[in-house]
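Structural overview for review
Now for the letters of each chain:
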Amino acid sequence: MSIFKNKAFIFLLAGCSLAFSIFFIRLILISWYILEETDSTFLIGLLSGLPAIFNILLAPYGGKLADRFSRKHIFFIFRALSIVIFLSMALSITYNFNVMLIILVTSIFMGAFIGLEGPSARLLIVDILGKEKIIEGNAAQEFFNQFLNATLPAIAGFLLTIISITLMFWSLPIIALLSSICAFITLLIFKEKKKDENLQS
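Residues numbered from 1 in each chain as written. Predicted model: local features only at pLDDT ≥ 70, side-chain atom pairs only at ≥ 80, totals over all residues. Heavy atoms only, no water.

Let's talk about the overall build of the protein
- When helices and strands are counted, the protein shows eight helices and zero strands.
- From first element to last, N terminus to C terminus, the protein shows the α and β order α-α-α-α-α-α-α-α.
- The dimensions of the protein, computed from C-alpha atoms along their principal axes, are 55 × 30 × 25 Å.
- Taking the contacts inside the protein whose residues are at least 6 apart along the sequence as the reference set, 85% of them involve residues at least 24 apart.
- When the accessible surface of the protein is split by element, carbon and sulfur atoms take 71% of a total near 10,700 Å².
- One way to put it: in the protein the 15 positive side-chain charges average out to a point 10 Å from where the 12 negative ones average out. (Helix = DSSP H or I, 4+ residues; strand = E, 2+ residues; numbered from the N terminus. Contact = heavy atoms within 4.5 Å. Areas by Shrake-Rupley, 256 points an atom, 1.4 Å probe, with all protein chains shown as cover. Lys, Arg positive; Asp, Glu negative; His and termini not counted. Charge placed at Lys NZ, Arg CZ, Asp CG, Glu CD.)

A few points about the packing of helix α3 (residues 71-95) against helix α7 (residues 171-189)
- Running from N to C, α3 and α7 point in directions that differ by 165°, and their axes come no closer than 8 Å. It follows from the interaxial angle that α3 and α7 lie roughly antiparallel. With respect to the hand of their crossing, α3 and α7 are arranged in left-handed fashion. Across the interface between the two elements, K72, H73, F75, F76, R79, A80, S82, I83, F86, L87, M89 and A90 from α3 touch L172, P173, A176, L177, S179, S180, A183, F184 and L187 from α7. (Axes fitted to C-alpha atoms, helices over the stretch in contact; angles between N-to-C directions. Parallel < 35°, antiparallel > 145°, perpendicular 65-115°, else oblique. Left-handed = near helix turned anticlockwise from the far one by under 90°.)

Concerning the packing of aromatic side chains
- The final tally for this structure, using the stated rule, is eight aromatic pairs.
- Between F76 and F184, the aromatic rings sit 5.4 Å apart at their centres with planes inclined by 50°, giving tilted as the arrangement. You can see F76 sitting in helix α3 and its partner F184 sitting in helix α7, a full 108 residues away along the chain.
- Of the residues examined, F184 reaches a relative accessible area of 38% and is grouped as partly exposed. (Phe/Tyr/Trp six-rings, centres within 6.5 Å; stacked < 30°, edge-to-face > 60°. Buried < 20%, exposed > 50% of the residue type's maximum accessible area, 1.4 Å probe, protein only.)

What to know about the pattern of salt bridges
- Scanning the model with the defined rule gives four salt bridges in all.
- The salt bridge involving D67 is made with R71; its shortest N-O contact spans 3.9 Å.
- Accessibility expressed as a relative area gives 11% for R71, which makes it buried.
- Two residues, R71 and D127, come together in a salt bridge whose shortest N-O distance is 2.9 Å. Of this pair, R71 sits in helix α3 while D127 sits in helix α4 (residues 99-129); the two residues are 56 residues apart in sequence, bridging distant segments of the chain.
- D127 sits in the partly exposed class, given a relative accessible area of 22%. (Salt bridge = Lys/Arg side-chain N within 4 Å of Asp/Glu carboxyl O.)

Observations concerning a nonpolar patch on the surface
- Residues F4, I10, F143, F144 and F147 make up a contiguous nonpolar surface patch of roughly 480 Å² in combined accessible area.
- The biggest single contributor to the nonpolar patch is helix α5 (residues 134-162), with three residues.
- Along the polypeptide, F147 turns up in helix α5. (Patch = residues over 30% accessible without salt bridge, like charges linked within 9 Å, V, L, I, M, F, W, Y side chains within 5 Å.)

Focus: the state of the cysteines
- With the rule as written, the count across this model stands at zero disulfides.
- With no disulfide of its own, C16 has C182 as its nearest cysteine by sulfur position, at a separation of 9.5 Å.
- For C16, a relative accessible area of 11% gives the class buried. (Disulfide = S-S within 2.5 Å.)

Focus: the side chain of S21
- Residue placement: S21 occurs in helix α1 (residues 7-37).
- Here the side chain of S21 touches L18 through a polar contact of 2.6 Å, landing on its backbone oxygen.
- With residues up to four places along the chain from it excluded, the contact list for S21 reads L148, L152 and I175. (Polar contact = N/O pair within 3.5 Å; in protein donor to acceptor, adjacent residues only side chain to side chain.)

Here it is as structure tokens:
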């Protein structure tokens, strides 16, 4: 059976792809905003790189969470929490309230959430498709990630010529909401095996 006939995998793939797109759109918007407001390339580098630092630091703990708890629940919880991050950022930009501080704090939380959620999201591919389909599942996810990587900068750049950057920041919580909906549907339709069953298989 084709992996694209597996509804749980489709919604997992959609949720992960939407989350991946948020990472790149955020990077473009923050770089543009900081350059316009402060003209500081140092701040751009610092705030752009913070999520990666906290991702690396917390990824080992994310692996432990994936081994001990329900991966689909971990995936959904952190997808839902990401809405709060990007909603806070959009509100801060809109009302010009402690913008740099909010960007700093949300960048840290974003990296932490990616590190804690990432292992569960990746292992869910195996859980849903099985070991025999893992190569196809990973290839599909990589294809969509690279497609987004190639197209999003051009799309975001074009939109910034016709839409204010403030409105563009509101795209982040909207995409995060769509990603969390996909994660929630994955949670509902995929029936996980118990951890001891996974270890025995």
